[in-house]
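One letter stands for each residue in the lines below.
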Amino acid sequence: MGKLDLFSGLYKGKKILITGHTGFKGSWLTIWLKELGAEVYGYALEPTSENDNFVTSNLKEKIFHQVGDIRNLDLLKKYFQQVNPDIAFHLAAQPLVIDSYINPHYNFETNLMGTVNFFEAVRHTSSVKVAVNVTTDKCYQNNEWLWGYREIDAMGGDDPYSASKGCSEIITNSYIKSFFSKENTAHVGSGRAGNVIGGGDWAENRIIPDIIRAYKENRESVIRNPNSVRPWQFVLEPLFGYLKLAEKLWTSGKSYSGGWNFGPSSYENYTVGDVVEEVRVLIPSLKITLPDITEKLHEAGVLKLDITKAVNQLNWKPKLNFKDTLKFTIEGYLDELNPDINVYDSRVKQIESYCNK
Ligand SMILES: NC(=O)c1ccc[n+]([C@@H]2O[C@H](COP(=O)([O-])OP(=O)(O)OC[C@H]3O[C@@H](n4cnc5c(N)ncnc54)[C@H](O)[C@@H]3O)[C@@H](O)[C@H]2O)c1
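On a predicted model such as this, the values are computed, not experimentally measured, just so you know.

Caption draft 1: Local environment of the overall build of the protein chain. From N to C terminus, the protein chain includes twelve helices and 13 strands. For 357 residues, the compact-globule estimate of 2.2 N^0.38 gives 21 Å, and the protein chain sits close to it at 19 Å. Each principal axis of the C-alpha atoms in the protein chain carries an extent, and together these give about 60 × 50 × 40 Å. Within the span of the protein chain, comprising 357 residues, buried residues form 53% of the whole. For the protein chain, restricting intrachain contacts to residue pairs at least 6 apart in sequence, the fraction spanning at least 24 positions comes to 79%. Counting only carbon and sulfur atoms, one obtains 50% of the accessible surface of the protein chain, whose full area is about 15600 Å². Treating the 40 positive side-chain charges of the protein chain as one cloud and the 43 negative ones as another, the clouds have centres 5 Å apart.

This is how it looks when you write it as structure tokens:
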């Protein structure tokens, strides 16, 4: 157990409530906290498929699991008051840009009022000492510039998803200033991270899940935008950031309140084509068609995070380079596809290897 603990034993024996624990990031966070000796309580919708990490890792049997809608304030508050958690992480959200165009009303209700409901539940549950809201790099107003965005830059978002996450940050700030600045109230922070990858993510229209789905079904993958640059990050990198942030809020208090960026190092700029080349090395039998990628164009709209604040003040920094990020990711999927491997044990092994980096 000690090998997974980068947090000075803080989480051992603590009651932790996670909203969105049935999702990709929430299920990995659940496993890490469980292995740290925490009592984990989840609040979320049911998992969406049998492939979800929550299901394949058999988490239903391992933690306290409440099915509930984040839009239902009464149920959420009741659950908080029944559990009396020490620390709460908010990950329940509508997380996809495409879906936010299909149903903007649901997107805003879930991501905006969901955040309000989370902080209402925290505010009315005196046991909660620390609360962390999870948003995204897309919360920033995108000025289409080359520099990384700092925590002091303006919130924004043009598409409904990004706008809802910008709002979630503004709501967090409002609750900090209006309700959580007094003595004996919760210490509150928010974590902003970019696209993450890792075993257990089966979302549609994402490059790696799409490639692995095709591989599983023995189909060929066709890659459309090989020149697109993305902030590739292994799922444990931002989770390490959220756990570090909660630790600092717990031990050092309100001076750590507010927003924190957890992105890849600024020199890690890789394209979809680079990812495909790396995955081909890791799965040589992959059938994949890649259009000509000799011309590497700059793609407008890429948004980068400046991580100076987290590196200097939280003692957090990305542990994995691009090659390791892909290695951990593909290994996670291959373990999942191997019926002889216990998925929960595989996740724990990866968390241990990550911590030892
Ligand atoms: N995956 C990424 O690349 C990424 C990048 C940046 C930020 N994020 C943010 O991280 C968080 C988790 O994302 P994820 O990728 O794990 O998403 P996911 O879709 O895998 O999980 C979402 C979780 O939220 C829950 N949820 C959704 N709507 C709900 C509702 N109405 N009521 C209750 N629960 C609800 C789901 O049940 C699930 O547990 C989100 O806030 C997302 O915006 C994700």
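Caption draft 2: Expanded view of the site of the ligand. Lining the immediate surroundings of the ligand are 27 residues, of which T22, F24, I70, Y161 and K165 lie closest. In the environment of the ligand, an oxygen atom lies 2.6 Å from a nitrogen or oxygen atom belonging to the side chain of T22. Protein burial of the ligand: of its 820 Å² of free accessible surface, 90% is covered by the chains. Within the shell around the ligand, the residues separate by chemical class into 13 nonpolar, ten polar and four charged.

Caption draft 3: Structural detail: the packing of aromatic side chains. Using the criterion set out here, one finds 23 aromatic pairs in the structure. Aromatic pair F119 and Y175: ring centres 5.5 Å apart, planes at 25°, arrangement stacked. Taken as a pair, F119 in helix α5 (residues 104-123) and Y175 in helix α6 (residues 160-178) lie far apart in primary sequence, 56 residues in all. The pair F119 / Y175 is uniform in exposure class, with both members buried.

Caption draft 4: Structural context of the side chain of N117. Mapped onto the elements, N117 comes out in helix α5. A distance of 3.4 Å separates the side chain of N117 from the backbone oxygen of R71, its partner in a polar contact. The residues contacting N117, other than those within four sequence positions of it, are I70, R71, N72, L73 and L76.

Caption draft 5: Main features of the packing of helix α1 (residues 24-35) against helix α12 (residues 343-355). Put simply, α1 and α12 touch, their axes get as near as 10 Å, and they point 75° apart. On the basis of their axis angle, the class for α1 and α12 is roughly perpendicular. Here W28, I31, W32, K34 and E35 of α1 lie close against α12, whose contacting residues are Y344, R347, V348, Q350, I351, Y354 and C355. Grouping the amino acids of the contact of α1 with α12 by side-chain chemistry returns eight nonpolar, one polar and three charged.

Caption draft 6: The arrangement of helix α7 (residues 207-216) in detail. I208, P209, I211, I212, R213 and A214 are the residues of α7 that are buried. Residues of α7 that are buried sit in contact with β7 (196-197), β8 (221-222), α9 (272-282), β13 (288-289) and α11 (322-337).

Caption draft 7: Inspection of the pattern of salt bridges at higher detail. All chains considered together, the criterion is met by twelve salt bridges. Ionic pairing is found between E278 and K323, a salt bridge with its closest N-O pair at 3.5 Å. Of this pair, E278 sits in helix α9 while K323 sits in helix α11, and the two are 45 residues apart along the sequence. Each of D69, R71 and E109 takes part in salt bridges that share partners, so that together they form one network.

Caption draft 8: Up close: the environment of L245. Residue placement: L245 occurs in helix α8 (residues 236-252). Considered as a pair, L245 and W316 are 71 residues apart in the sequence and their alpha carbons are 8.9 Å apart. In this structure L245 touches V132, G189, S190, Y256, W260, F262 and L314, once residues within four positions along its chain are discounted.

Caption draft 9: Highlighting the nonpolar core. Formed by 50 residues in total, the largest nonpolar core has its most connected members in Y11, W32, L33, F89, L236 and F262. Elements that contribute at least two residues to this core include exactly β1 (15-19), α1, β4 (87-90), β5 (130-134), α8, β11 (258-262) and α12. It is α8 that provides the largest number of residues to this core, a total of eight residues. By size, the runner-up hydrophobic cluster in this structure holds 23 residues, among which are A121, V128, A131 and I176.

Conventions used here
- Chains are numbered independently. Their residues run from 1 in the order of the written sequence.
- Reporting of local features is limited, given that this is a predicted model, to residues whose pLDDT is at least 70; pairs of side-chain atoms are given and counted only at 80 or more, and all residues count toward the totals for whole chains, interfaces and linings.
- With hydrogens and water excluded, all non-hydrogen atoms of the structure serve as input to the side-chain values.
- Under the scheme used here, helices are H or I runs from DSSP no shorter than 4 residues and strands are E runs no shorter than 2 residues, and both carry numbers assigned from the N terminus.
- Computation of the radius of gyration draws on C-alpha atoms, with the globule rule given as 2.2 Å multiplied by the number of residues to the power 0.38.
- Throughout this description, buried means an accessible area under 20% of the type-specific maximum (1.4 Å probe, protein chains only), exposed means over 50%, and partly exposed covers the range between.
- Should any heavy atoms of two residues lie within 4.5 Å, those residues are counted as being in contact.
- Working definition of accessibility: Shrake-Rupley area with a 1.4 Å probe, residue cover restricted to the visible protein chains.
- Charge counting treats Lys and Arg as positive and Asp and Glu as negative, with His and both chain ends excluded.
- In this description, the location of a charge corresponds to atom NZ of lysine, CZ of arginine, CG of aspartate or CD of glutamate.
- Residues are labelled near a given molecule or strand when at least one of their non-hydrogen atoms is within 4 Å of it.
- Between N or O atoms, a polar contact is any pair within 3.5 Å; within protein, one atom must be a potential hydrogen donor and the other a potential acceptor, and residues adjacent in sequence are included only when both atoms are from side chains.
- Here the nonpolar group is Ala, Val, Leu, Ile, Met, Phe, Trp, Tyr, Cys and Pro; Asp, Glu, Lys and Arg are the charged ones; every other residue, Gly included, is treated as polar.
- When two rings of Phe, Tyr or Trp (its six-membered ring) have centres within 6.5 Å they constitute a pair, described as stacked for plane angles under 30 degrees, edge-to-face for angles over 60, and tilted for the intermediate range.
- The axes used here are C-alpha line fits, helices contributing only the stretch in contact, and every angle between their N-to-C directions lies in the interval 0 to 180 degrees.
- Roughly parallel refers to an angle under 35 degrees, roughly antiparallel to one over 145, roughly perpendicular to one between 65 and 115, and oblique to any angle outside these ranges.
- By definition here, a salt bridge exists when the distance from a side-chain nitrogen of Lys or Arg to a carboxyl oxygen of Asp or Glu is within 4 Å.
- What makes a nonpolar core is a set of buried Ala, Val, Leu, Ile, Met, Phe, Trp, Tyr and Cys residues whose side-chain atoms join them at distances within 4.5 Å.

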